[in-house]
There are 4 protein chains.
Amino acid sequence: MNKNSKLIPSMIKDQRLIEQRRQQIIEGAVRLFVQKGFHKSTTREIARECGLSIGTMYEYIQTKEDVLYLVCDHIHSELEQRLQESVSDDDTGIETLRKSLKQLFKVMGEMRTSVLLIYQETKSLPKDKMAYVLSKEEEITAIFERILEKGMNDGTIRIDPSSVKLMAHNIMVMGQMWTFRHWALGRHYDLDEYTERQMAFLLGEFTSGGNRDGNGNLST
Amino acid sequence: MNKNSKLIPSMIKDQRLIEQRRQQIIEGAVRLFVQKGFHKSTTREIARECGLSIGTMYEYIQTKEDVLYLVCDHIHSELEQRLQESVSDDDTGIETLRKSLKQLFKVMGEMRTSVLLIYQETKSLPKDKMAYVLSKEEEITAIFERILEKGMNDGTIRIDPSSVKLMAHNIMVMGQMWTFRHWALGRHYDLDEYTERQMAFLLGEFTSGGNRDGNGNLST
Amino acid sequence: MNKNSKLIPSMIKDQRLIEQRRQQIIEGAVRLFVQKGFHKSTTREIARECGLSIGTMYEYIQTKEDVLYLVCDHIHSELEQRLQESVSDDDTGIETLRKSLKQLFKVMGEMRTSVLLIYQETKSLPKDKMAYVLSKEEEITAIFERILEKGMNDGTIRIDPSSVKLMAHNIMVMGQMWTFRHWALGRHYDLDEYTERQMAFLLGEFTSGGNRDGNGNLST
Amino acid sequence: MNKNSKLIPSMIKDQRLIEQRRQQIIEGAVRLFVQKGFHKSTTREIARECGLSIGTMYEYIQTKEDVLYLVCDHIHSELEQRLQESVSDDDTGIETLRKSLKQLFKVMGEMRTSVLLIYQETKSLPKDKMAYVLSKEEEITAIFERILEKGMNDGTIRIDPSSVKLMAHNIMVMGQMWTFRHWALGRHYDLDEYTERQMAFLLGEFTSGGNRDGNGNLST
DNA sequence: CATGAATGAGCGTTCATTCAT
DNA sequence: TATGAATGAACGCTCATTCAT
């Protein structure tokens, strides 16, 4: 992608090759980082896992942190794409929400370890790259904001407008929770149970109104 | 504390001194880790920040990771204690919940950077220490489990019994969210708004019943 | 050599280069260890003496102890080879013994400081490496066992069969003695005198019979 | 002993106490050094093993190497004394030799690990202390020189006068051999066999004459 | 384009020794 | 005399990065 070409200069001219090699790097690095974490993985190990020589790898990146950025960006992209897939213009707001939530939990189940990875290692990114990754996180969150707004517009979702952003974040966090609290949640719930319960929790809020006061009472 | 004395042996005999120096280490390390993170802080920097020589610091710990454990354990302890403070036997379940949630968000506001720290660095702990820290995290979560159960027993909270654990985790995560999503949330909400909205969200669930199906509809 | 490649892994792929650099390391290390001993030599000093950077040196070894092993093994190999050279199938047993003893003392004279080195530092080797070095020491000793047996078979050497092993060890020790007692012996004897006297001592035993009892009397 | 008091100054005035504490240090240190060697034993460990605090220990020594010296000197003294015990003016030369050799091997059997210790660690002593220890080694060797001379004078031992020193060293080395080659010798001989064979070897030489030429032939 | 040997600053950790109490 | 907490120079070793081939 062009943005990466700008954020991460390469010594190589052939854009095709860059794309291909970076894909290799991402795949190897994800495998390794999921196992050992970013800090405990050496550049040599990353290169070996990618099937590249260390010298060749460095033709396509500038620093080890670039690898982490590539990885985070890739996972985010996959996440975004798969969430976007579940959104259809033909559905009502609540219907879209229902489908996208299902998809969210499904995807979090399937990408559990890699989502956990970006969750834990984003902070190791250099300032500029981190800002980029966080902005992507916000974009993904915005998918849910738009769904909520759609539901508000078509009357299928009731929610205080100023809470839309927050609820979108809540949704995202409930998805990620499955990855970063799996050590505890996984002992008590399987993904289906988790999905059903969290959806009930969220959808209850959106259908009952979200017009409650701080005490949980419906405002009149 | 005795547990630390067992988990982290010291060369020093005087228990008082160990307690005092470790407190020094924790304070210095928190300051530094919040600024630079665990991995980018060197042992020499930690020692300097604590006002100890590197040699002296190592009389009170065994490895750099021990410092991280000390820090995590300390923050957890403070967290637990402050949450526990807000729990009174005299209140009804829902009342206790309301107070403890208020306290949760208040504490997360005040300890934001240090809670974020343990949140991000726990994974860098060695296996045995990490297990210990996670078990503490579960203990804290259990505070909310007990509150929810109390409310169920006195009829002030309605919730599916099998969802108690999950909701306790949801509560904890909503608290921590303020620290790890503050980069986004902080631009749109202040802590009071955040508190009020999240409490409304949670208390709505608990008072309306939690007897909804996966579509958010109240079961009949 | 293959055995070293297995005992001491290297990060470098080119076997030629490994051989060459390890030779460099051995030469520098012997020079240094002879001067200062193993413990007082730092890895940086070793590297400097070898003409390598510390990083480069560590591409060819894993630990400082590996250097010691390389050194011990090299000296042993040279020792073994030079002793083996003096053994010819065409000579009688006693003749072979005479020649090999001469060679032994000659070599001990020429390799005095380096033999002293392995003699003093072998004990600093890690368990597995030490076992290997000691087994090599036994192999070298076995050279003399075989010579004695040859002489027994062709009737030129008389010795109690059960003393063969011991006498082989005695021979080896008389060789090494020149290195580790040189501080005293060297003040009274030169190498030629030492050689002649020790040979007379040993050969006297082997020609007169070795059939004496514990009192030194010839058994009848 | 006075010599130690001069070689190793102490902060303490009371000579009795010095003697006693140093005995403590020697006993603890020998135990430790035999197990782990000098270099791998820390001063803290030595102090603990002696039942002294590190501070107290340092009141009676100046450096860690002093401990090694104390140990070497002590073992040497015991060795010397026990050898001296076996020498009686009433016996003939050959008789004295026979008894002292028996005692030598007996003592080497009993003090095997500690003799090995001084044998391996003497080289780690600082120059001046090492010279002192080596001079002690020579003194002990001189015991055998005197025995051999006695036998030459009373006609019970035949040996080339210029070989006396060498044979005394040979005797000493045959004694020490039991300690530093025990890893190999011990698999084939027990101490009694070793003693008998080595005595036969030595006594054969001394009774047959030692008047052989470099080829082992008796000179006419 | 690809390679991998070379580099050295910098890391975590140790431990002989001191000295205030 | 006895103590043990404090010290910091120095150690062995790592690893991201470079660059000659």
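Check the entry above for the structure.
So, here is what we can say about the structure in this document. (Residues numbered from 1 in each chain as written. Chains lettered and ligands numbered in written order. Predicted model: local features only at pLDDT ≥ 70, side-chain atom pairs only at ≥ 80, totals over all residues. Heavy atoms only, no water.)

Take chain B, turn it by 179°, move it 0.0 Å along the axis, and it overlays chain A with an RMSD of 0.2 Å. Both copies are brought into coincidence by an operation consistent with a two-fold rotation axis. Minimal C-alpha separation from the rotation axis in chain B is found for glutamine 120 of chain B, amounting to 3.1 Å. A share of 100% of interface residues in chain B that are also interface residues in chain A marks the association as one of identical surfaces. (Least-squares fit on C-alpha atoms with pLDDT ≥ 70 in both. Contact = heavy atoms within 4.5 Å.)

What follows is about the arrangement of the chains. The two units chain B and chain C are non-contacting; their minimal C-alpha-C-alpha distance is 21 Å. Separated throughout, chain A and chain D approach each other most closely at a C-alpha pair spaced 30 Å apart.

We now examine the packing of helix α6 (residues 93-110) of chain D against helix α9 (residues 164-180) of chain D. All names here are of chain D. Interhelical geometry of α6 versus α9 gives an angle of 25° and a closest axis separation of 8 Å. In terms of axis orientation, α6 runs roughly parallel to α9. The chirality of how α6 crosses α9 is right-handed. Residue-level contacts link Leu97, Leu101, Leu104, Phe105, Met108 and Gly109 of α6 to Ile171, Met174, Gly175, Gln176, Trp178 and Thr179 of α9. (Axes fitted to C-alpha atoms, helices over the stretch in contact; angles between N-to-C directions. Helix = DSSP H or I, 4+ residues; strand = E, 2+ residues; numbered from the N terminus. Parallel < 35°, antiparallel > 145°, perpendicular 65-115°, else oblique. Left-handed = near helix turned anticlockwise from the far one by under 90°.)

Time to look at the protein's contact with DNA strand F. Not every one of the 38 residues close to DNA strand F is listed here, only the nearest: Thr43 of chain A, Arg21, Arg44 and Tyr60 of chain B together with Tyr58 of chain C. The sugar-phosphate share of atoms of DNA strand F within 4 Å of the protein amounts to 63%. Here a phosphate oxygen of DNA strand F and a side-chain polar atom of tyrosine 60 of chain B are 2.4 Å apart. Taking tyrosine 58 of chain C, its side chain carries an N or O atom lying 2.4 Å from a phosphate oxygen of DNA strand F. Sorting the residues of the surface near DNA strand F by element identifies α3 (43-50) and α4 (54-60) of chain A, α2 (15-36) and α4 (54-60) of chain B, α3 (43-50) and α4 (54-60) of chain C together with α4 (54-60) of chain D as the ones contributing at least two each. Looking at which element gives the most residues to the surface near DNA strand F, the answer is α4 of chain B, with five residues. (Near = heavy atom within 4 Å. Polar contact = N/O pair within 3.5 Å; in protein donor to acceptor, adjacent residues only side chain to side chain.)

The next point concerns the interface of chain B and chain A. Listed by partner, the interface residues are 51 residues for chain B and 52 residues for chain A. At the boundary of chain B with chain A, total buried surface from both sides reaches about 4300 Å², with 57% on carbon and sulfur atoms. Three residues, Leu166, Arg181 and Phe201 of chain B, lead the burial of chain B against chain A; their summed loss comes to 16% of the area buried on that side. Between chain B and chain A we count seven salt bridges in total. Salt-bridge contacts for glutamate 121 of chain B lead to lysine 123 of chain A; the nearest nitrogen and oxygen are separated by 3.8 Å. If you look at where chain B meets chain A, you find 20 residue pairs in polar contact (both at pLDDT 80 or more). For the side of chain B that touches chain A, the secondary structure elements donating two or more residues are α7 (112-121), α8 (127-153), α9 (164-180), α10 (182-185) and α11 (191-208) of chain B. (Buried area = accessible area lost by both parts, 1.4 Å probe. Salt bridge = Lys/Arg side-chain N within 4 Å of Asp/Glu carboxyl O.)

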